[in-house]
Amino acid sequence: MTPLNPQWTELKQQSFAAYIPDEVLKYRSDEIARIMEWKAANPVSLPAGVEIGSNRGCFLLGLARGQREVSCLGIELKSSLCRIASNKLAREGLTNGHVIHADARLAIPVLFEPGTLEAIYVLFPDPWWKKRHARRRLLDDGFFEMAHAFLKPGGHFVLKTDVLDYFDAVDEYLSSLSCFERVEMSSVPGSDSWTLSTRERHCLEDVLPYRQLAVRKRDVAWDGNVPVTLTEKKLEKHNYRYHPEEK
Ligand SMILES: C[S@@+](CC[C@H](N)C(=O)[O-])C[C@H]1O[C@@H](n2cnc3c(N)ncnc32)[C@H](O)[C@@H]1O
């Protein structure tokens, strides 16, 4: 964490500030400035979809191959993995594929206008198994409020995970929101040319069960006031397990 930036109030004037908590604007201004610089040097044209946690680019490559008219942006926290994925895209000449080294929770609001994304893909998010790490989990109410804001009406959110507890929690949460509707995975544009992510390949090779879901954003307002929330699960420090029936 960087020290408090005395100019953080300037960031507060930017339109993306509505989607980033003040504490983050205050203390992660360096990261935000870096994303703004990247944006100036690498304009990502619309239509666009993003993969959060693109890792070595195994899934991103299939996205970019299958929809050449769509900008496919991988957002990844580890810079070494970004280089690997970028090199793969460049080797194939996939100029519609891009990778940014950033935290997606900052990058999406800084890089895009609300209501513009075709799709957000999250494949095998870090489970943060231990109760004391539960707060670090990517998917919570705030994440879905942001995803809802940045997807276009009719845009898709796709999740795959082998952490069945994580899946069940998200599944229950999304089912309670009227602003997303469940759809078949095969109806997500481009799904016929998806490739396996690293973790998905591992699951298939080792015959590990995993789950997947896809939802489409309905053209209605965010309705996050639901009785069971993902954030409450985080705050209760719910312990995730591969299989919910495990003791
Ligand atoms: C368990 S790995 C899964 C990688 C890949 N999606 C797959 O299915 O094999 C999770 C990935 O998400 C990245 N990640 C975690 N939180 C992130 C965030 N907030 N923004 C961008 N990337 C993130 C991690 O660095 C890691 O590469």
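Further up the page is the structure itself.
Notes on the structure in this doc start here. Given the structure is predicted, the values throughout are model-derived calculations rather than measurements. One numbering rule holds for all chains: residues counted from 1, following each sequence as written. Totals for whole chains, interfaces and linings use all residues, but because this is a predicted model, local features are given only for residues with pLDDT of at least 70 and pairs of side-chain atoms are given and counted only at 80 or more.

Our next topic: the pairing of strand β4 (residues 117-123). We call a residue exposed when 12 or fewer other C-beta atoms sit within 10 Å of its C-beta, buried when the count reaches 20 or more, and partly exposed for counts in between; the C-beta positions come from the backbone. Runs of H or I in DSSP of at least four residues are treated as helices and runs of E of at least two as strands, each being numbered from the N terminus. Most of β4 sits inside the fold, with seven of its seven residues counted as buried. A strand pair is defined by DSSP finding two or more bridges across the two strands. Note: strand β1 (residues 48-52) against β4, five bridges, orientation parallel. Looking at β4, one finds that Ile52 is bridged to Val122. Handedness of the β-α-β unit built from β4, helix α7 (residues 141-150) and strand β5 (residues 151-161) comes out right-handed. For the handedness criterion, the strands are oriented away from the viewer, and a crossover whose path from the first strand over the helix to the second runs clockwise is classed as right-handed.

On the basis of which strands lie adjacent, the open sheet formed by seven strands has the order β3-β2-β1-β4-β5-β7-β6 and mixed pairing. The strands lining the two open edges of the sheet, one partner per strand, are β3 (97-101) and β6 (180-183). Strand after strand, the sheet turns through a mean of 20° between neighbouring axes, direction not considered. Where strand β2 (residues 71-76) and β3 come together, five bridges link them in parallel fashion. Residue pairing for β3: Glu76 is matched across the bridge by His101. Angular values range over 0 to 180 degrees, each being the angle between N-to-C directions of two axes fitted as lines to C-alpha atoms, with helices fitted over their stretch in contact.

Once that is clear, we can look at helix α6 (residues 104-111). The buried fraction of α6 amounts to seven of the eight residues, a majority that puts the element mostly inside the structure. Of the residues making up α6, those classed as buried are Ala104, Leu106, Ala107, Ile108, Pro109, Val110 and Leu111. The contact criterion used here is simple: two residues whose C-beta atoms, placed from the backbone, lie within 7 Å are in contact. Each element contacted by the buried residues of α6 is listed here: α3 (29-41), β1, β2, β3 and α7.

Attention shifts here to the site of the ligand. Defining nearness, a residue is near a molecule or strand when the C-beta atom obtained from its backbone falls within 6 Å of it. In the vicinity of the ligand there are 20 residues, among which Gly53, Phe124, Ser197, Thr198 and Arg199 approach most closely. Looking at the shell around the ligand, the elements that each hand over two or more residues are β2, α6 and α9 (198-205). It is α9 that provides the largest number of residues to the shell around the ligand, a total of three residues. Any residue that is not Ala, Val, Leu, Ile, Met, Phe, Trp, Tyr, Cys, Pro, Asp, Glu, Lys or Arg is counted as polar, Gly included; the first ten are nonpolar and the last four charged. Within the shell around the ligand, the residues separate by chemical class into nine nonpolar, four polar and seven charged.

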